[in-house]
Amino acid sequence: MTFLNSEGASSSSSSSSSTHRWNFDVFLSFRGEDTREGFTSHLYKALCDKGVNTFIDGKLHRGEGISKELTQVIQSSSILVIVFSENYASSAWCLDELAEIVECNKKDPKVKICPVFYNIDPSEIRNQKGNFGKALAKHEKKSKDNKNKVQRWRDALRKAADASGWPYKKGSATYKSESDFIQNIVEEIAIAKVNWMPLYVAEYPVGIKSRVEAIESLLDIKSGEFCVVGIHGLPGVGKTTIAKAVYNKIAKDFDGSSFLMNVRENLGTDAGIITLQEQLLYDILGDGNWKVGNRLRGISLIEKRLCCKKLFLILDDVDDSTRIENLLGKCNWFAPGSRVIITLRDRHWLAALKEKVCTTYKVKEFKIEQLNEHEALQLFKEHAFPGNKPLDEDYSKLATKFIHFAKGLPLALEIIARDLCGKAKDEWESALDMYKKVPNNDIQKMLRVSYDGLHDTEKEVFLDIACFFKGWYKDYVVKILDACELYPSSSIPRLVNKCLIVVDEYGRLSMHDLIQQMGREIVRQQAPDVLGKRSRLCCYKDSLKVLTTNKGSKKIRGIMLHSPQPVKVQLHTEAFKRMENLKFLIVENVHICKPLKYLPNSLILLKWPDYPFHWPFEYFPEQLVAIEMPRNCIRLPKLINQECRLENLKDVNLEHCEFITKLPKLWAPNLESLDLAFCKNLVEIDECFGSLEKLKRWNLAHCRELQFLPSQLRLKSLKYFCLTSCSRLEKLPNFHPEMGCLEILYLGESGIRELPSSIEHLTKLDTLSLDKCENLQDLPDSIYKLQQLRILDTTTTKLRPTCNSFDSSSGYGFVEMKPLDFQHFENVIELDLLMKLDYFPALEMIDLSETNIVTIPKSLSRLPKLESLLILNCKRLHEIQGLPQSIRTILAENCMLLDSQSPSGLLNQVIEIIGILPNRVCRSARSNKLMDPQFTNYFPSETEGAESENGDISMDPQFSNFLPSEAEGAEYEDGDILFIKKKKYEYGDISMDPQLSNYFPYETEGAESEDGGRSMDPQFSNYFPYETEGVIYEYGDIACTLHVPGTEIPKWFNHQSVEKTILFWVGCKFPKLAVCIALGPDEAHKRFYDCYVFISINGCEEREYGYFRPSENNYNHLFLFSPCQWLLQQQMKESKPTDQNHVEVTYRTCFAHYDVEPNPCIEPLNPTLIKRWGVHVECTCPPQESVIPNLPLLTAGRDDDDVVDYCRELTFYGSDDKEEYQSPVVLDDTSMSCMSWLVEPTTKLFKLFCFCSPRNFS
């Protein structure tokens, strides 16, 4: 019965699987009177005999009805078999039971409904005719008051009849007998039970869930396409374990599934392939009688019988794509929606699978990484301390050491933890040393499987890397192994695909420590007791023993003598004489007392820093590929006189060799890297070195006596050339036109007097350093032809350009240059280099710090992409004549002669670029006429709409109740107050204190300024329509930053304070905003501080917008920055804005921590760090000044909770006590914030100004 699939067929579950846990395999529902004594009893017995756990309702008492107990049994059964017989529908009990079964299936689709149509036609049930129709009609008559119940039965019958099932009609030719029919049902159920038994995953499934979910995502089982996912990773990392967990979780979603184990072992022979084919057919089709006969017939049967099924297939441990083809054919027969998972040790086979087998389907890959430290500790503890016993500190420390040793490999963690379980601490410590020195057999056995699958040359490459080259650069090792004819260019990728080695992001070879240990153990096993018969010696003690006792042999191909600490030893002077096949000699931290008499001519790699003697007289290094012997005593003329032809030589490192005075003629045509840095006595280099066609890297840095180079360089492959600190080198060679590969040329601190005009041939030059070339007076005009030049460090800017304008077709201009750095170059006084600005189309940053520049010309403003100008400590700089619109950052610290605040000064240039208008402060308060807010009650409500001559409301709102209604429209002398009642205001919108909102009638709704803006306090929001939608900002605007000398905040910063917070109001469109901070005196900077600026809108979470670090060099400076306007608008949108939005700008300081990220939460504020600060914004706050006198702020000197009696506190001229009222004069102002009187107590002091009493109004 092929329709019986995973849904609800499983009887148990794994701890790592989400499969339902069933109490019964099968639940039997039947009409007792029809089949209990016959068919059903025989079916029940047959199922039990087959080992199928079956529930039959005869165990329950009929009187109980459909109880909760029976419902629980149904829900805990995976297959619900309904035996439909002729009188089934006549039983209300049966119909109730059926309805419960259907409901259970609806709630949990994993439960499978399987009907048996025993001597009944399924259509009779589906259409509810015949006996079923009659029975239901009788039930309806009996249950006239409960028609819903009968309808539920009808629906359940249709649902069950539509399910695939087993039809049986007595006398039919389909089955020989009723017994044969029963046997068929039992076989299918038994096969389903076995097939869908969840696979055992792991005792402690640590880290499995996340990896299963990742693979499930790759499989994308909702997609209708067929795809293959290959799982690869280190041996022992858990590929099979995770594949089992995936199988348990998603197999239920397919028509059929199969997990084929040990595929690699079985696919090696035809018999094994046939076994797997028969297993696959049995798993999917449930017939144990499949006999495919031969491999080709098996492929044909699989394609024909399974092509219409949505399959889930896992092939575990595959090592060859062609073997998959032998098992399944071309894999182009899989039905849509099918999925195949392959676990493999060699990632390479996935590519082959795409090309040869699955040519038309997707092949994805997933690498299983080792456990992270947390997962590894959890897994280790589960195995080492069953029952989750708490660990004491000593055990925890030891456990951590084992975890570091295993490096997240689950197999190693489980084996080691089980071995340590129940042992004492001293045994743990001993075991740790043992594991490091003596590999565990179980771990080695698992890891070695991948090694055993390698070809002979691949094995040699793997052992060389494990013994000598772990951590070395791959390209370097490839050169060495190429000379050994091991074909590393193909072998290394193969090792990577098998997860035996890794090439990191820097191109270095790496491998898991246990993999390396496995490789070295393989070498040790070659001759466990005879060191001289091993192919490689990499253990210091083993190598030392062989070299001091002269026990070497021709079997040794490599020796590494690497002491953990510098040591002095005496090797046998003929220690290498017997090692005729020695390829690698690596000696480090070992100083010998006597010279060697012999070195093998077979050496390919010789690495011996600090070798204190010359090479043996009879040594001819003709096979050498690489020499790494810095700080040695080799005398090159003696070597060269031997007329060696070093045809294989590619890499030479002779740094710090004091005995080298001349580089004589040398025949080394394949030389690629030559490092002679710090050869302090080197004077001359032979002409032959100017024509080494394969030389890529040449380092002569700090050869301070070097005077003579080849007259011409024709180095076709040279990419890197360093002459830094060659202080006696005055002349450079000419560069041949074929020198087009050079990318980096370092000439800093050299003695060169000029650059040759032939530098124009270096067409790929990326970096040119002329730092501190004191003798260099100018640069040739041909330097402009270096179009690929990105970095230029030069002490001179004197250039003679030949083109009048930039023309890319002419071959002139630094089209790739973004930074231009003149920092510390005191010779830089003028910017001749920048006179042809068209040659710098991409320039983004100029650093003139600590130069003697006097004037930055106006022509600088024509640089279209310049964003940063650094002019720190330019103590002669007087003027910046122009800046481009693209500028975003200017650091002008300690430029004390720089004009920064004049109309044409730096500060005004910057604010003009930002787009700030200093004369526009508060859009709604252009007249700046405002009285103290505490007097609104002294003016009557008829002041509604009062405004000054320019249209602003200019009295304090708290006077409103004290102005008579007759004053409407009254105009006072000198035009001080003009009350005009109208709903449309000129430019200034409503700008009074928010407490006035109740004094405005609803008729003001819709009031607006001429430009339609809404700028009143948010308490008016209910009276005016909300129109913030449609505000558009350019998302290209960028934050601007400026550091400039100065101590005073410009007055046009309309919100200034000595406190840490400034508050103001803005409309629905956030205006341009600038922050200016004046740093305190020098004594404040005894420690470094970080300063952060945060902005909060409408009380929502604040965000950081500015950060700088005041230092000892920028006290008495101004720090100005303007954040991105579109970011502010975005923040406003998220703050539930209204027509008026409250903004809070705050700065915070903390000690600077150089070892961690800045932390604004730490705030040991130095009180003198920030002297004063301010914000410029075109806000909607009330104005600051008024021709109506400022009246005393009666809350001054009081706590916020104090109650103020304004009538008692205020005395007016004309009142009963006749006291004189004087004009208020501001004596002290510590806050110029136009909202300061609204948000916090202030220290303003006032004197009263003579004013008319309300009773004198007429």
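Our structure is the block above this text.
Presented here is an overview of the structure given in this document. All chains use their own residue numbering, which begins from 1 and follows the written sequence. Residues qualify for local features only when their pLDDT is at least 70, as the model is predicted, and side-chain atom pairs are given and counted only at 80 or more; totals for whole chains, interfaces and linings, by contrast, use all residues. Side-chain measures were taken over the full set of non-hydrogen atoms in the model, leaving aside hydrogen atoms and water.

Considering the side chain of threonine 796
Here is the rule we go by: Each helix is a run of DSSP H or I of at least 4 residues and each strand a run of E of at least 2, with the numbering of both proceeding from the N terminus. The term polar contact refers here to a pair of N or O atoms within 3.5 Å; inside protein, the definition further demands a hydrogen-donor-capable atom paired with an acceptor-capable atom, and it admits residues adjacent in sequence only when both atoms are side-chain atoms. Any pair of residues with heavy atoms lying within 4.5 Å of one another is described as a contacting pair.
Here threonine 796 is to be found in the loop between β28 (791-794) and β29 (819-821). A polar contact of 2.9 Å, which involves the side chain of threonine 796, links it to the backbone oxygen of glutamine 777. With residues near it in sequence (within four places) discarded, threonine 796 still touches Leu776, Gln777, Asp778 and Leu779.

Points about the pairing of strand β1 (residues 24-30)
Put simply, side chains in a regular strand alternate between the two faces of the sheet. We count it as follows: Here the term buried applies to any residue with accessible area under 20% of the maximum for its type, exposed to any over 50%, and partly exposed to those in between, with areas from a 1.4 Å probe on protein chains only. Each pair of strands is called paired provided DSSP finds at least two bridges between the two strands. Seen with the strands pointing away from the viewer, any crossover whose path from the first strand over the helix to the second strand runs clockwise is right-handed.
Within β1, 7 of the 7 residues are buried, leaving the element largely enclosed by the surrounding structure. As paired elements, β1 and strand β3 (residues 77-84) share 6 bridges and run parallel to each other. Paired with serine 29 across the strands is isoleucine 82, a residue of β3. Sheet topology note: the β1/strand β2 (residues 54-56) ladder contains 3 bridges and is parallel. Pairing of leucine 28 across the sheet is with isoleucine 56, part of β2. Handedness of the crossover joining β1 and β2 through helix α1 (residues 32-49) is recorded here as right-handed.

Side note on the sheet that holds β1
Quick note on the threshold: Axis angles are defined between N-to-C directions and span 0 to 180 degrees, where every axis is a line fitted to C-alpha atoms and, for a helix, only to the segment in contact.
Strand order in the open sheet formed by 5 strands is β2-β1-β3-β4-β5, and the pairing between neighbours is parallel. A strand with exactly one partner marks an edge of an open sheet, and here the two such strands are β2 and β5 (166-168). The mean angle between the axes of side-by-side strands here comes to 20°, regardless of whether they run parallel or antiparallel. Strand direction decides the pairing type here: strand β4 (residues 112-118) and β5, joined by 3 bridges, are parallel. Looking at the pairing, phenylalanine 117 lines up with proline 167 of β5. Packed onto the sheet, α1 meets β1, β2, β3 and β4 and runs at close to 165° relative to β1. Sitting on the sheet, helix α3 (residues 92-107) is in contact with β1, β3 and β4, with an inclination near 145° to β1.

Structural notes on the pairing of strand β42 (residues 1141-1151)
Counting buried residues along β42, 9 of its 11 residues qualify, which places the element largely inside the surrounding structure. When strand β37 (residues 1061-1066) meets β42, the two strands line up antiparallel, connected through 6 bridges. Note on β42: the bridge partner recorded for leucine 1063 is glutamate 1144.

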